[in-house]
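For reference, the chains in residue letters:
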4 protein chains.
Amino acid sequence: MSFTGDKRISGKEVAQHNSRESCWIVVHGNVYDVTEFLDEHPGGSKIILKYAGKDATQEYDPIHPPDAITTNLPPQKHLGPVEPDTVQKVEIKITDEEQARQERISNRPALDEILNLHDFEAIARQVMSEKAWAYYSSAADDEITNRENHAAYHRVWFRPRILRDVTKVDWSTTILGQRSSMPVYITATALGKLGHPDGELNLTRAAAKHGVIQMIPTLASCSFDEIIDAAQPGQVQFFQLYVNKDRNITKRIVQHAEQRGIKGLFITVDAPQLGRREKDMRMKFEAEDPSEVSKAGSGGVDRSQGAARAISSFIDPGLKWCDLDWFKSITKMPLILKGVQCWEDALQAYDLGLTGVVLSNHGGRQLDFARSGLEVLVEVVDKLKEKRGLMFPNEKFQLFVDGGVRRATDVLKAVALGATAVGVGRPFLYAFSAYGLEGVDKALQILQDEFEMNLRLLGAPTIKDIVSEMVDASNIHSHVVAVPGDRLYESNYESMQHAQLREVKAKM
Amino acid sequence: MSFTGDKRISGKEVAQHNSRESCWIVVHGNVYDVTEFLDEHPGGSKIILKYAGKDATQEYDPIHPPDAITTNLPPQKHLGPVEPDTVQKVEIKITDEEQARQERISNRPALDEILNLHDFEAIARQVMSEKAWAYYSSAADDEITNRENHAAYHRVWFRPRILRDVTKVDWSTTILGQRSSMPVYITATALGKLGHPDGELNLTRAAAKHGVIQMIPTLASCSFDEIIDAAQPGQVQFFQLYVNKDRNITKRIVQHAEQRGIKGLFITVDAPQLGRREKDMRMKFEAEDPSEVSKAGSGGVDRSQGAARAISSFIDPGLKWCDLDWFKSITKMPLILKGVQCWEDALQAYDLGLTGVVLSNHGGRQLDFARSGLEVLVEVVDKLKEKRGLMFPNEKFQLFVDGGVRRATDVLKAVALGATAVGVGRPFLYAFSAYGLEGVDKALQILQDEFEMNLRLLGAPTIKDIVSEMVDASNIHSHVVAVPGDRLYESNYESMQHAQLREVKAKM
Amino acid sequence: MSFTGDKRISGKEVAQHNSRESCWIVVHGNVYDVTEFLDEHPGGSKIILKYAGKDATQEYDPIHPPDAITTNLPPQKHLGPVEPDTVQKVEIKITDEEQARQERISNRPALDEILNLHDFEAIARQVMSEKAWAYYSSAADDEITNRENHAAYHRVWFRPRILRDVTKVDWSTTILGQRSSMPVYITATALGKLGHPDGELNLTRAAAKHGVIQMIPTLASCSFDEIIDAAQPGQVQFFQLYVNKDRNITKRIVQHAEQRGIKGLFITVDAPQLGRREKDMRMKFEAEDPSEVSKAGSGGVDRSQGAARAISSFIDPGLKWCDLDWFKSITKMPLILKGVQCWEDALQAYDLGLTGVVLSNHGGRQLDFARSGLEVLVEVVDKLKEKRGLMFPNEKFQLFVDGGVRRATDVLKAVALGATAVGVGRPFLYAFSAYGLEGVDKALQILQDEFEMNLRLLGAPTIKDIVSEMVDASNIHSHVVAVPGDRLYESNYESMQHAQLREVKAKM
Amino acid sequence: MSFTGDKRISGKEVAQHNSRESCWIVVHGNVYDVTEFLDEHPGGSKIILKYAGKDATQEYDPIHPPDAITTNLPPQKHLGPVEPDTVQKVEIKITDEEQARQERISNRPALDEILNLHDFEAIARQVMSEKAWAYYSSAADDEITNRENHAAYHRVWFRPRILRDVTKVDWSTTILGQRSSMPVYITATALGKLGHPDGELNLTRAAAKHGVIQMIPTLASCSFDEIIDAAQPGQVQFFQLYVNKDRNITKRIVQHAEQRGIKGLFITVDAPQLGRREKDMRMKFEAEDPSEVSKAGSGGVDRSQGAARAISSFIDPGLKWCDLDWFKSITKMPLILKGVQCWEDALQAYDLGLTGVVLSNHGGRQLDFARSGLEVLVEVVDKLKEKRGLMFPNEKFQLFVDGGVRRATDVLKAVALGATAVGVGRPFLYAFSAYGLEGVDKALQILQDEFEMNLRLLGAPTIKDIVSEMVDASNIHSHVVAVPGDRLYESNYESMQHAQLREVKAKM
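None of the values given here were measured: they were computed from a predicted structure.

(A) Up close: the pattern of salt bridges. For the structure on display, the rule yields 115 salt bridges over all chains. Glu148(D) is the salt-bridge partner of Arg155(D), the closest N and O atoms lying 3.0 Å from each other. Across the pair Glu450(D) and Arg407(D) runs a salt bridge whose closest N-O atoms are separated by 3.1 Å. On the criterion of sequence distance, the pair formed by Glu450(D) in helix H19 (residues 426–458) and Arg407(D) in the loop between strand E14 (398–402) and helix H18 (408–416) is long-range, its members being 43 residues apart. The pair formed by Glu450(D) and Arg407(D) is uniform in burial state, with each residue classed as buried. Here the salt bridges do not stand alone but share partners, grouping Asp141(A), Asp142(A), Arg276(A), Glu278(A), Arg407(B) and Glu450(B) into one network.

(B) Expanded view of the relation of the copies chain C and chain B. Turning chain C through 90° and shifting it by 0.1 Å along the axis lays it on chain B, with an RMSD of 0.1 Å. Such a combination of rotation and displacement between the chain copies is what one expects of a four-fold axis.

(C) Structural context of helix H17 (residues 373–388) of chain D. Residues and elements named next belong to chain D. The first and last C-alpha atoms of H17 sit 21 Å apart over 16 residues, in line with the 22 Å expected at 1.5 Å per residue. For H17, the full list of buried residues reads Gly 373, Leu 374, Glu 375, Val 376, Leu 377, Val 378, Glu 379, Val 380, Val 381 and Leu 384. Phi turns positive, to about 70°, at Gly 389, one or two residues after H17.

(D) Quick look at the packing of helix H11 (residues 247–259) of chain B against helix H15 (residues 323–330) of chain B. Residues and elements named next belong to chain B. Put simply, H11 and H15 touch, their axes get as near as 10 Å, and they point 45° apart. On the basis of the axis angle, H11 is oblique to H15. Taken as a pair, H11 and H15 cross one another with a handedness that is right-handed. Together, Arg 247, Thr 250, Lys 251, Val 254, Gln 255 and Glu 258 of H11 and Asp 323, Trp 326, Phe 327 and Ile 330 of H15 make up the contact between the two elements. Looking at the contact of H11 with H15 residue by residue, the class counts come to four nonpolar, two polar and four charged.

Calculation notes
Residues numbered from 1 in each chain as written. Chains lettered and ligands numbered in written order. Predicted model: local features only at pLDDT ≥ 70, side-chain atom pairs only at ≥ 80, totals over all residues. Heavy atoms only, no water. Salt bridge = Lys/Arg side-chain N within 4 Å of Asp/Glu carboxyl O. Helix = DSSP H or I, 4+ residues; strand = E, 2+ residues; numbered from the N terminus. Buried < 20%, exposed > 50% of the residue type's maximum accessible area, 1.4 Å probe, protein only. Least-squares fit on C-alpha atoms with pLDDT ≥ 70 in both. Expected span 1.5 Å × (residues − 1). Axes fitted to C-alpha atoms, helices over the stretch in contact; angles between N-to-C directions. Parallel < 35°, antiparallel > 145°, perpendicular 65-115°, else oblique. Left-handed = near helix turned anticlockwise from the far one by under 90°. Contact = heavy atoms within 4.5 Å. Nonpolar A, V, L, I, M, F, W, Y, C, P; charged D, E, K, R; others polar.

None of this, on its own, says anything about what the molecule does.
Structure, rendered in structure tokens:
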């Protein structure tokens, strides 16, 4: 970081720049002039103005990488270090709700009582801030696709085999040529610090311990280098890329990633614009005076649309197939498209020589009524066999799926249907939001245990023994909606009752 | 308006004509002798007799166009203006329920907090009078078709495309050769003043602002000319027609509409008799003494059947295919049949040279277990391709769909399947019932925002890029009813519980 | 009735015969010695012993035809008339529950507020005795078939036609060559007096008024002749027959029916043993001391199994196809099998020259998981066309359906699929249980109104215009059971919330 | 049993060996040194240490056969009899919960009020200890398969026949050549004493009375010989085998079984590792301090995983197809594989000359999303007909099904589809947990009654008349998941209301 001077600025002086006309803030002990940046701030000017003339670090940290401010502000706006202990603190009142939340945190069950990935979500929902919960859990429109992602797994059933020697079972595999202890990777999710101060580093560290691969997100709240630096020697990491309208920025990011050892570049293609996530948006209204939110929106980016859209202004909606040649020209990393949703696009990716595709709908956060990755997988495997004679899983062109996974059985269904591996996102966020690094460690351990169990029960000593005949996916394309209920008939129907204890009967 | 004399009549004199034998009422300051009209009144004699000898304006306004009384009563029954301030007012007591409703109105959330069309309905339900809510929301019999209209959209899923330049997206289109800013029109719905004093004018004004087309209903509570007059120069409007048994009346209406610039005539063919809508009927019983309602019914039209049937006596159930030639002879407007429900009738409309059909079941308000327009669309597109080689959307023969639409994604599904545009009705009624003109404006803005987003996410720069391969409608004809539940088994099953906070556990 | 003497017996003398050793009871003013009949009584000895030495008329009436006792007891056990006012009354305590029920009866809504057949059931459930409700509403095992009967109609959807002249619509038809004002008949149901003192006579009288046909049940609580006598001149009635093990009894019943003018004999073939109806059985336990009930059961008929099984001991489980020739030899009435459940048996009935079959599962009261009559209808029509070239509806071999009907639309679906007419049972029981004769009259009027409406909306001027192309029954054979829910996932999912009023929000 | 000495040991001396270093316990009046066994105990050391130096009989009995301790401990650790009345009792506090449970037990309804198998479960759930309920009722992962087992029966519907002489009906059959009074056997389930002190003997005795066959489980809490000894002369029993890693132990068990007259050996092949059953696991945490549970787990077997996994350490996950020849070499008993889940494995069993297979998923307790036995049955019957020309039921190669059965109709569906007989497990456990031997007797009587009724209603005088044409199983492979609900739409929809009593309306 470079500063225009190294004189220390007094808190008193900072405090005078507390208006839209002249707005200084302190972050990590340094003073920044953000007056001209106010209207460009993806999160809106209002939130900055709240800290005008004051220390904004506490608000800044959970949603920005440390270097976000220095990267985005021109050097002349970096005014220098503040005199310690002179800057005005924004007094943060502990609300009753926050106090209740703190109590809930101290009442978390012991980690040993967590039996499955659902449990992390149940606890996280109670111990996270409402804002963080809303950002992580929300999805597009009516959240139909979000839930369909999980529901689709319930339409695939197992055909297990017996009397095979499963004394030793091995569920490790390779992903893009890299070893992984299981056919799962930690997929990219934004704003990790909303859930835990260490943010994405929790994932890096747990991934190292368990030999799984982390995909680093463009929108991490830790900086890319922090995450890379937290990795163990030899630890494999992938990188998820939002392509910037300014291709120079993109080139710099990509080449830096390659230089730091990233083993696969996952280019997000399902988010030319970030989705409307209404739970997240409603949370904004709860938190702030809605009329203010709305007024603030007049200057371009609409600040009323929650965290998701605030951070999306730099994504290029003009990205096209022909840009992929350019990517090949700037990096040797394997290129994978993240967010493919029909066989035609998977085929085109294959024909262009890419290394693979992630069949994903962005966790249900983009287009509602997009189909689940699992369903698209079946279609892609069928059609790429028909059109190009490909068999899956396939080393040359790898298929990935993400969204809705909660059990090792889910993963094994995708593997049986042709996926190389499955991305898991929210469950790990909930794990660290509830229990930090130990949570993610435990979540991975649960998956390991489930894999061991399920390989035995399927009669499959290794991942290669998980073949398509082991599942019945004939219902995968069935989108069933019940005929609306006959409310009059149903309200007249008297439900069957089983036998009752005598005293219960007496009371009736 | 013409009056038989211009002497002012005293309220005292009016008050003497307060019986079935001689019944005068005051509307908008004029006195009318309705004695002989009592038994012809579609809404029954009872409601008129309540105002016999008094001022009925307040009751009259929300459900009649201003000219209804002058049009329906012969001139000699128009007795002339009343002396101001002499007429007896019917004292309207503010009930507790009404007071509570007024409080709810003042507690409406700010319009900025309305995120989708569902929200208008949620607020409208709380701030409308029960009578108005019952009339707008009710549907036929068990309301199965009403809900199926929405549910059908959930059986169609997207197959979005990636890596297409969606920097600029354009969702405007043409409907019957007229520009529309989106593939949506405001369809005809009756009795707008039940929800808001400005009634249908709210729709006219918002439509002008957003460049969308309003279909004016025969049963508007504003008069046709009021609605036309409220339009901006060049603003496009369609007209929905109930065909009267007296074809001269119909001819006069149609030619007047053409003369006033109407660009399309939508002839309703699914309502030879207006449906039984039991919620609406029950509301009548709540409001009035049911035995009286029943007695009143003996004289022909049954007044117990709610607002819907009261206004239906003039619709001709004898309308036939061969009448369409007559329509062609009296107007040059494009003719569209509204309420077609199978391919056979769509084909016949095409063969007769009509301009299009609306695949509709009248918002579920007519025949219960009629299929959704969306489902019929799939059948019509298939069969008209097979029988006549037509491709859709088609400029020469346009298909429209209405019923159950709440999201731009719904509209885009219909467009992908071959519809030129989609009619939206109730959501706009709820919008103005909750927030007046600003509500409708916001509702249209929400749709605009959703179209922009969804075109990007679908990879479709324009409406023409929304093609049938972009949806999977293979489940559209599936009407699934679950096998009735095993209540004994289910009541015995102990549901899975996730991990619990310690104090919760202690309490259990 | 014949008596062994005509001396009047004193109540005092009767009172001495109050034990299992010598048991006299008084019914309708006459004394009977039932000592030897105790163990043969289908309803068990216990209930008789309760009235030993006393007047049992009040208990006797609702479940027996008046002549049941004289028919079943040999003449020498008819001891003669009792001296009036000397016989001991069984004091019937009005329980709190009964008092509450009487209040509910006086609070019934006016009949004009009843809008559909569901409404009768809703009121009947509240104003009937629990015992009567349990008997009427109960069905076999888990009552899956009972509910499926109604649900099956929800899998059939309409394809209505437009622009047909429906000014006049006519829904009358002929059934077995007899005129009926609608394609509906009142099917046979047992024990009418449980719901109303006039029992089945309510149905006879209302049927006369509306020109519909009543099927008289073998197990009526009015006597056959009472019901015949209550008919208007020329009123058509059918008769439902349980075939007795003693064919002489059956022959006498059949020939008596023919002699009294019955126009069709419906032989029940789905009840070789009457079903276990657990709601009805549980009601017995509620009402009586269960250990007593059980003990009483040791002597043959098990009295613990509710009203249904108590009355079933005389039905012949040995009835076979070859018996049908015998029926042809004893009567000229048209013979129809009631309770056919697959095409093979319908075909056999046709090949044997019968007049028709009722596709029925006995209202779900016999075999659980029997399919609905509507579903069987589709199969029968398909196969009899394939095997014998028959088209339906068919004058020579008529198909009927019953079970689960609540709306005229239900009836019209069956007619479109080939049924001549549809039997309706429970709704009429509920109608008279709630409102007596006027209830049944109203129920039939509701159906008339619904037929008029629906014929118009379907574009069908007459019943003959209701053809198979007017329905889509492609889902009729689909028995869908949802995959069991993922309770952990669902309990974690936070439901979408719509916009809220401000004060509601404040409270949350 | 042999002891190292016959001097009586004083309770005082025993009490000194109360630590991990030296741990003696008393069981059934004898002293054992279990110090070295602590870490090998499948149920963990913790539970033993609780009784160190004390009498452990009360804890020991419900989950161990009497000879478990003598079999597992080397003779030198059998220290001899304790001096009576000197040993320290572990005082067992009656908790409030236990007291409430005892009250519930005394309030059980009379057995006559139990109408079906569901009722036993309803009562058992209320009167069993939570631990026992958790062990019996729990299943794998999300318990989807567990519930699917029952649900699958709801996708199969009957096609009953009429006019067949069903005066006499006979539902007896033969299973592996042995007579059975019904096509049902009591399948193997573990730890019977958890539910009732007599454990599996309840089943043996009731089986004798009703002429049905009991399959004795390896993991019974009564010893094998106790169960054999409790049988009546000529009573047929089968044996379920978990194959031990030590084949000598297996050989000894198998040959002992044959010697004692076992008529069929059912080798479990679906449990190379016992499943994770989370309800059971959570119960452990409720009962004990979770951190202790976890620590204890470090030494090998994880004691945190409930009763199921604690007893599983001796099952051989290396069992293979080729081991079956060895089985043939050591016994002449018919060999049946229990837990086959696809046609390929059933075919292989047939080709290897086995006598049959049980199509089972272990009551949903092993692999979640395994299909129901009923569904697999349809596939196996189809394929073995196609591949080997087999027809079912088949004397030479018998198919069995278990899981989810609650009604005789369930059994008859399986029989119609080709099963020789159906295994029923949990319902009998619940029967004796609620009512002991009389409960199982009643449960079997209920099934007998249901078979009699259903054979009549199906028109099938004998089991051989139950043929595949009597069922429609066309939906059996349909795994339907509803599209996630539109919560906003649904919360806006106002449900239909039926007519209301006047006073109810007043209150609203």
